[in-house]
Amino acid sequence: PLHSPCKQGQFISQPFMYPLILCIVGIAILGVAWLPSLVKKFPLSYPILFVGLGALLYAAGLPLPDPNPLASPTLSTHLTELCVIIALTGTGLKIDRPFALKTWRIPLLLATLGMVLTIALVALTGWLLAGLSGAAAVLLGAVLAPTDPVLAGDVQVGGPGEGKEDAVRFSLTGEAGLNDGLAFPFVYLAIALVPAAATWAGEVPHWLLKDVLYRVVVGLAAGWISGKVLAYLIFGLPKKISINSRSYGFVAVAITLVSYGLTELAEGYGFLAVFVAAVAIRGYERTHHYHREMHDFSDQIERVLIAILLVLFGGAIAHGLLKPLTWEGAALGLLLLGVIRPLVGWLTLGGSRATPRQRWVIAGFGIRGIGSFFYLAFALKKANFPNPESLWAITGFVVLVSVAVHGILATPVMNWVDREKSRVKRAER
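A. Representation of the overall build of the protein chain. Tallying secondary structure elements over the protein chain gives 15 helices and zero strands in all. Taken over C-alpha atoms, the radius of gyration comes to 21 Å for the protein chain, in line with the 22 Å a tight globule of 429 residues would show. For the C-alpha atoms alone, the extent of the protein chain along its principal axes is close to 60 × 55 × 45 Å. Residue pairs at least 24 apart in sequence account for 82% of intrachain contacts in the protein chain once pairs closer than 6 positions are excluded. Counting only carbon and sulfur atoms, one obtains 68% of the accessible surface of the protein chain, whose full area is about 19000 Å². Separation between the mean location of the 33 positive side-chain charges and that of the 24 negative ones in the protein chain comes to 7 Å.

B. Region of interest: the packing of helix H3 (residues 73-93) against helix H11 (residues 289-318). Put simply, H3 and H11 touch, their axes get as near as 8 Å, and they point 150° apart. On the basis of the axis angle, H3 is roughly antiparallel to H11. Regarding H3 and H11, the two cross each other, and that crossing is left-handed. Along the contact surface, H3 presents Leu 79, Thr 80, Leu 82, Cys 83, Ile 86, Ala 87, Gly 90 and Leu 93, while H11 presents His 291, Met 294, His 295, Ser 298, Ile 301, Glu 302, Leu 305, Ile 306, Ile 308, Leu 309 and Leu 312. Residues that form the contact of H3 with H11 fall into these classes: 13 nonpolar, five polar and one charged.

C. Looking closely at the side chain of Ser 259. Residue position: Ser 259 is located in helix H9 (residues 251-265). In this structure Ser 259 comes out as buried when scored by relative accessible area, which is 1%. Here the side chain of Ser 259 touches Ile 255 through a polar contact of 2.5 Å, landing on its backbone oxygen. Within the structure, Ser 259 has its side chain in polar contact with the backbone oxygen of Thr 256 (distance 3.4 Å). Look past the residues within four positions of Ser 259 in its chain and what remains in contact with it is Ser 226, Ala 254, Ala 273, Val 274 and Ala 277.

D. Geometry of unusual backbone geometry. At Glu 267, a position not held by glycine, the phi torsion is positive, near 65°. Along the chain, the position of Glu 267 falls in the loop between H9 and helix H10 (270-282). With a phi close to 50°, Asn 387 is a non-glycine residue in the positive phi region. Its location among the elements puts Asn 387 in the loop between helix H14 (370-382) and helix H15 (388-428). Residue classification places Asn 387 among the exposed positions, given a relative accessible area of 54%.

E. Here's a closer look at the pattern of salt bridges. Under the definition given, this model contains nine salt bridges. One salt bridge connects Arg 169 with Asp 418, and the closest N-O pair in it is separated by 2.8 Å. Of this pair, Arg 169 sits in helix H6 (residues 167-182) while Asp 418 sits in helix H15, and the two are 249 residues apart along the sequence. The class of Asp 418 is partly exposed, set by a relative accessible area of 27%. A network of salt bridges, in which partner residues are shared, links Asp 166, Arg 169 and Asp 418.

F. Geometry of the packing of aromatic side chains. The final tally for this structure, using the stated rule, is 23 aromatic pairs. Of the aromatic side chains, those joined through ring pairs into one cluster are Phe 184, Tyr 188, Tyr 260, Tyr 269, Phe 271, Phe 374, Tyr 375 and Phe 378. Note that Arg 97 overlies the ring of Phe 170, its terminal NZ or CZ placed 3.9 Å from the centroid. Its end group placed over the ring of Tyr 188, Arg 215 keeps NZ or CZ at 4.3 Å from the ring centre.

G. Spatial organisation of the confidence of the model for the protein chain. On average, residues of the protein chain score 86 in pLDDT, and 91% of them reach the 70 mark or higher. Low confidence marks residues 1-13, where pLDDT is under 50. Its contacts with residues over four positions away, or in another chain, come to 24 contacts.

H. Region of interest: the nonpolar core. Counting residues in hydrophobic clusters, the biggest one holds 109 residues, and the most contacted among them are Leu 139, Phe 184, Val 187, Phe 271, Ile 370, Phe 385 and Leu 391. Counting residues per element, this core draws most heavily on H15, at twelve residues. The contacts of Leu 391, once residues within four sequence positions are left out, are Leu 132, Ala 136, Leu 139, Leu 140, Leu 376, Leu 380, Phe 385 and Pro 386.

I. A look at helix H2 (residues 46-59). Between the first and last C-alpha of H2 there are 20 Å, a value that for 14 residues agrees with the 20 Å anticipated at 1.5 Å per step. Among the residues of H2, those classed as buried are Tyr 46, Pro 47, Phe 50, Val 51, Gly 54, Leu 57 and Tyr 58. Along H2, the residues classed as buried sweep out an arc of 150° about the axis, all on the same side. What points out from H2, more than 90 degrees from its buried face, is the exposed set Leu 56 and Ala 59. The first or second residue beyond H2 is Gly 61, which carries a positive phi of 80°.

The rules we used
Residues numbered from 1 in each chain as written. Predicted model: local features only at pLDDT ≥ 70, side-chain atom pairs only at ≥ 80, totals over all residues. Heavy atoms only, no water. Helix = DSSP H or I, 4+ residues; strand = E, 2+ residues; numbered from the N terminus. Rg over C-alpha atoms; globule rule 2.2 N^0.38 Å. Contact = heavy atoms within 4.5 Å. Areas by Shrake-Rupley, 256 points an atom, 1.4 Å probe, with all protein chains shown as cover. Lys, Arg positive; Asp, Glu negative; His and termini not counted. Charge placed at Lys NZ, Arg CZ, Asp CG, Glu CD. Axes fitted to C-alpha atoms, helices over the stretch in contact; angles between N-to-C directions. Parallel < 35°, antiparallel > 145°, perpendicular 65-115°, else oblique. Left-handed = near helix turned anticlockwise from the far one by under 90°. Nonpolar A, V, L, I, M, F, W, Y, C, P; charged D, E, K, R; others polar. Buried < 20%, exposed > 50% of the residue type's maximum accessible area, 1.4 Å probe, protein only. Polar contact = N/O pair within 3.5 Å; in protein donor to acceptor, adjacent residues only side chain to side chain. Salt bridge = Lys/Arg side-chain N within 4 Å of Asp/Glu carboxyl O. Phe/Tyr/Trp six-rings, centres within 6.5 Å; stacked < 30°, edge-to-face > 60°. Lys NZ or Arg CZ within 6 Å of the ring centre and 35° of its normal. pLDDT = per-residue confidence, 0-100. Core = buried A, V, L, I, M, F, W, Y, C linked by side-chain atoms within 4.5 Å. Expected span 1.5 Å × (residues − 1). Arc of directions from axis to C-beta.

Encoded structure:
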């Protein structure tokens, strides 16, 4: 029937569905182009508007594809995966600050110590409060701990060379780029603990050697090498053989696919490699206009993918994604966003040079989003976790609340950060 979501692969048989999808995608792309500028001055983010649009479209009973991620696990995994890796490329390309352990100390602390503590606290809370199994609790911690590079544009640095790189924005941008790759070892740990015969003593040694040490080292090395090679092909080769550079925006896609694909073939962490490659390329001829072109092109692709995913997310909510949510699961999500992340972030940055106000802002803006959807879809494809509907409900609830709350707070808080920065500069004069 026309007034029910069609099953995957059946949309061609329904004559109205394909053109309807084209119209919706076209409207979503127009929204991506206009909404960020329209809502920039208001305490509102465009992602929540797309979620609302998706909920309305699916609640209206239009003949649209089934938005339930459990109904199409492969599509859910790869669509969210593509969105995240494109976002990671754009994130790496827009950071002006050269990489050094000293100058990158805050994002490195947040993406390592801060994330591990968050995973541990979320897993413990999920086990004690929500009654999750050990494997499911670890998985939920790994899914919800990393901040998102996709939906956090309002609190990140500006484009290449724009100069909008204060301590708060740089820290949040660097953290979002790093922790999407560094959360992966804990996803693999959760997968390893799923079999009934699995024990911590039996699985942890193999996990430490392969999923932590080997995959992280390969991700870092492959990202750095591919970044250096691609940087030469982008900036050095055209000067020698006169390659036309007018379409170099497409190179952003090449950076993403090459670095990610090669790293995954070597069984390393592709997310980490993509970000490292983009940072390495950004460090090559730092003032070249190619950086801006590549960033802008990747940003446009990212926004189109965001629009599609958020509409589907809204549709999933309209079709019962949150129905399995219990009060314990909701409490876990609220504790993560309101207590665990702010507290862990504040404590992690205790020895840094960030001021107390900067520490609170950085700690408070741990936005969750598309990356969490990917990790969960990936893990559920790899192993049979108990109650996958509940895991999706908790994750969906956290992302929904995060998008709404952080979207409302981002503009006024960032404006306050800018005013504070201006006030400090005036006082120093």
